[in-house]
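# Summary of structural features
The residues making up each chain are set out below.
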Amino acid sequence: MSHDLSPRKSELLMPAGNLRKLKLAILYGADAVYLGTPDMSLRTKSQFSLEEVIEGVNFCHDHGKRAYLTLNLFSHNKDIPKLDEYIDTVRRVKPDGLIIADPGVFQYVRERAPELPLHISTQANICSWLSVQFWEKQGAELVVLAREVSYPELAEIREKCPDIKLEAFVHGAMCMTYSGRCLLSNFMAERGANQGNCANSCRWNYGVRMRLKDGTVQELDINDDNIDMFEFLLEEGCRPGELMPIEEDGRGSYILNSRDLCIMPKLDDYLKIGVDSLKVEGRGKSEYYCAVVARAYRMAIDDYYADPENWDPKPYMRELESVGNRGYTLAFHNGRLNNLAHDYEHTASLSQWEYAGVVSEVTEDAFLVEVKNRFAAGEVLEFISPISRETVLLRMYDFEDAATGARKEVVQGGTKTTIRIPFTLFDHEDLDQLKARFPQYSVLRKEKALSDEQWNRIRFDKLTQGLEISGKENPKAYERRRDALADSIAEDSNEKRFKTNRVGVDGCCGKGCNGCMIFWEDDKYALARKVLLKRKQGEQLTKAEAAELKLDL
């Protein structure tokens, strides 16, 4: 018996902050993208010109994919004269849908361009089947549900509203207020969150200060000698006696800082009931984010439809963990948030992997790679294919500048340097397959050295996510990981290390990377080489196999 309760097939909808991000999202598996121009799309940092919007929509259509334009601003009087020109522009672009939040703008477009499919933005805060039915009667083709909608509510909405398309967020940053209806940014930085210019004030660190009777303000110095003397608590006026602790250290306190939404562990729930569109947040995120997140969800969705009985989120979660995040949470999936959905210790995104580069061109005999982060001799680059699930590892001992031919042991990121990687370095790959699997816009990643604090952050984040998914409590494990993180924060060590034992040209992960002189020449890996050479070309050893086959000489 199939677990799929609905014949609807869900689309994967990715953000497109600029033209290259759009192309990467499409190539790595998105069914559709959403994009817009700065003045009308609630994303003032949008990097699209009108010509690029037209090119992007055409690129989507040429690849059999869809493109949705955003018109989800909350209109002021000054915006209304622009609407007619915008509608004329949209007709030229020919998108597959127009995303709108403002009821007045919806009515205006509906009357003047009735042929345009209209989608209702998450900014409209749709949380019930009653609201969905309202917009359906107004002529909306699709509604984007608020992030605050729980899964039981979503299932009920799907049952009561079978004739309108539903879209739900599955991945990305969370807003501490009601789907973006925030005044903090406007008040504190004069940057309107509802105009797409949020300053992320909720993620700043806050400290306690004392104002003395003479009007002077002094810092409350919390240190090891006096930390046990203080406990800071919040009390809401209508809930006397319910005291909420605020923990502060020398860096301040992060009392409003949400973890990032990640529905992957429960994605099969959404696919079972036929949510029409699965939306990923992040028009301001990197190209690497667009590619890897699209790839992970594409594999997960396809594998569910191929074999729903045996679907398991773990391999796709490992892929998502290679992208910078603030720790993942199911957020409102089960209903009310709990403390596991917030992070009181830190606010920056983190991963043990980083964006290495992107293939800018494939020549007759080499990849040309645009460098995104620092390369050093001994670096292992992982090529991530938009076509194939198998990645390819290449260890490099120097780097050839594509413009000058100079060979360097270090290449800095951010310098717009392009390096040439000859196909001859891939000594254990079929070259025809290699060129076919890694076309232009293929992305590369590499391991990132982290401090003890950062490694403890990752361990703490994985624990809290596991507790949230399982619904179980383990206060001892939680306190142990939290205290380890707090201790490493206090130590403030700058020493960093990789997860593997590779450091520069020394050490070897034992997986059989192309070009690794240690693996292919050291006697310690003789047995591993023997096993690997019996496998199909390009297949590498797993981490467990590498450890088991390494000889202790």
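Structure: above.
Residues numbered from 1 in each chain as written. Predicted model: local features only at pLDDT ≥ 70, side-chain atom pairs only at ≥ 80, totals over all residues. Heavy atoms only, no water.

Counting its regular elements, the chain contains 16 helices and 26 strands. Scored against the burial criterion, the 553 residues of the chain give a buried share of 50%. Taking the contacts inside the chain whose residues are at least 6 apart along the sequence as the reference set, 69% of them involve residues at least 24 apart. On the chain, roughly 26,800 Å² of surface is accessible, and the fraction owed to carbon and sulfur atoms is 49%. (Helix = DSSP H or I, 4+ residues; strand = E, 2+ residues; numbered from the N terminus. Buried < 20%, exposed > 50% of the residue type's maximum accessible area, 1.4 Å probe, protein only. Contact = heavy atoms within 4.5 Å. Areas by Shrake-Rupley, 256 points an atom, 1.4 Å probe, with all protein chains shown as cover.)

On to the sheet that holds strand E21 (residues 407–408), then. Read from one edge of the open sheet, eight strands run E19-E18-E24-E15-E16-E23-E20-E21, paired in antiparallel fashion. Each having just a single partner strand, strand E19 (392–396) and E21 make up the two edges of the open sheet. By the bridge criterion, five bridges tie strand E18 (residues 379–384) to E19 in an arrangement that is antiparallel. The residue of E19 that forms the bridge with Glu-379 is Met-396. (Pairing = 2+ DSSP bridges.)

A pair of packed helices can be characterised by two numbers: the angle between their axes and the separation between those axes. Viewed as axis vectors pointing N to C, helix H5 (residues 129–138) and helix H6 (residues 151–160) meet at an angle of 40°, and their least axial separation amounts to 9 Å. Accordingly, the angle class assigned to the pair H5 and H6 is oblique. Note that H5 runs across H6; the crossing there is right-handed. Residues Trp-129, Val-132 and Gln-133 of H5 form the contact with H6, whose participating residues are Glu-156, Ile-157 and Lys-160. Tallied by class, residues from the contact of H5 with H6 come to three nonpolar, one polar and two charged. (Axes fitted to C-alpha atoms, helices over the stretch in contact; angles between N-to-C directions. Parallel < 35°, antiparallel > 145°, perpendicular 65-115°, else oblique. Left-handed = near helix turned anticlockwise from the far one by under 90°. Nonpolar A, V, L, I, M, F, W, Y, C, P; charged D, E, K, R; others polar.)

Glancing now at the pairing of strand E15 (residues 353–362). Two elements, E15 and strand E24 (residues 443–447), share five bridges in a ladder whose sense is antiparallel. Each bridged residue has a counterpart across the sheet, and for Gly-357 the counterpart in E24 is Leu-444. Remark: three residues form the turn of the hairpin made by E15 and strand E16 (residues 366–371), two consecutive strands paired antiparallel.

The subject of this paragraph is the pattern of salt bridges. Within this structure, the stated rule accounts for 36 salt bridges. Note that Asp-269 and Lys-272 form a salt bridge whose closest N and O atoms lie 3.9 Å from each other. Taken together, the residues span about one helical turn, with Asp-269 and Lys-272 both in helix H8 (residues 267–273) at a distance of three residues. You'll find Asp-269 and Lys-272 in the same group, each marked buried. (Salt bridge = Lys/Arg side-chain N within 4 Å of Asp/Glu carboxyl O.)

Now for the nonpolar core. Grouped together as the largest cluster of nonpolar side chains are 94 residues, with contacts concentrated most on Val-33, Leu-98, Val-109, Met-264 and Leu-267. In terms of residues, this core owes the most to one element, helix H9 (residues 287–306), which gives 12 residues. Here Leu-98 is in contact with Leu-69, Leu-71, Tyr-86, Val-90, Val-109, Leu-116, Pro-117, Leu-118 and His-119, once residues within four sequence places are set aside. Formed by 20 residues, the second largest nonpolar core is a distinct cluster that contains Phe-375, Phe-399, Val-411 and Ile-419. (Core = buried A, V, L, I, M, F, W, Y, C linked by side-chain atoms within 4.5 Å.)

Here strand E13 (residues 277–280) shows two buried faces, one formed by Ser-277 and Lys-279 and the other by Leu-278 and Val-280. By the bridge criterion, three bridges tie strand E1 (residues 11–15) to E13 in an arrangement that is parallel. In the strand pairing of E13, Leu-13 is matched with Lys-279. The pairing of strand E7 (residues 165–172) with E13 spans four bridges and is classified as parallel. Bridged to Glu-167 within E13 is Ser-277.

Below, the discussion takes up helix H1 (residues 19–27). Because each turn of an α-helix spans 3.6 residues, side chains separated by three or four positions in sequence point in the same direction. When you tally the buried positions in H1, you get seven out of nine residues, the bulk of the element. Those residues of H1 that fall on the buried side of the exposure criterion are Leu-19, Lys-21, Leu-22, Lys-23, Leu-24, Ala-25 and Ile-26. Of the surrounding elements, those touching the buried residues of H1 are E1, strand E2 (32–35), helix H2 (50–62), H9 and E24. At the N-terminal boundary of H1, the capping side chain belongs to Asn-18, with an oxygen 3.2 Å from the backbone nitrogen of Arg-20. Of the residues one or two after H1, Gly-29 is the one with positive phi, at around 125°. (Polar contact = N/O pair within 3.5 Å; in protein donor to acceptor, adjacent residues only side chain to side chain.)

Attention shifts here to the side chain of Glu-287. Position of Glu-287 relative to the elements: it lies in helix H9. Look past the residues within four positions of Glu-287 in its chain and what remains in contact with it is Arg-20, Lys-21, Leu-24, Tyr-355, Val-358 and Lys-372.

Attention now goes to the packing of H1 against H2. The interhelical angle for the contact between H1 and H2, taken along N-to-C directions, is 10°, at an axis separation of 10 Å. Accordingly, the angle class assigned to the pair H1 and H2 is roughly parallel. Every residue of H2 that contacts H1 at Leu-19, Leu-22, Lys-23, Ile-26 and Leu-27 is listed here: Glu-52, Glu-55, Gly-56, Phe-59 and Cys-60. Of the residues belonging to the contact of H1 with H2, the class tally is six nonpolar, one polar and three charged.

On to the packing of aromatic side chains. In this structure the tally under the stated criterion is 17 aromatic pairs. Feature note: the residues Phe-367, Phe-383, Phe-423, Phe-426 and Phe-438 constitute an aromatic cluster, connected by ring pairs. The side chain of Arg-445 reaches across the aromatic face of Trp-353, ending 5.5 Å from its centre. (Phe/Tyr/Trp six-rings, centres within 6.5 Å; stacked < 30°, edge-to-face > 60°. Lys NZ or Arg CZ within 6 Å of the ring centre and 35° of its normal.)

A word on the environment of Glu-148. If you trace the backbone, Glu-148 turns up in the loop between strand E6 (142–144) and H6. Using a relative accessible area of 12% as the deciding quantity, one classes Glu-148 as buried. Between the alpha carbons of Glu-148 and Met-174 there is a distance of 10.0 Å; along the sequence they are 26 residues apart.

Both trends apply: most residues other than glycine have a negative phi, and most peptide bonds are in trans. One non-glycine residue with positive phi stands out, namely Asn-125, at about 55°. As for its position among the elements, Asn-125 is in the loop between strand E5 (118–120) and H5. Look at Ala-331: it is not a glycine, yet its phi comes out positive at around 55°. Mapped onto the secondary structure, Ala-331 falls in the loop between strand E14 (328–329) and E15.

These values are about where atoms sit, not about what they do.
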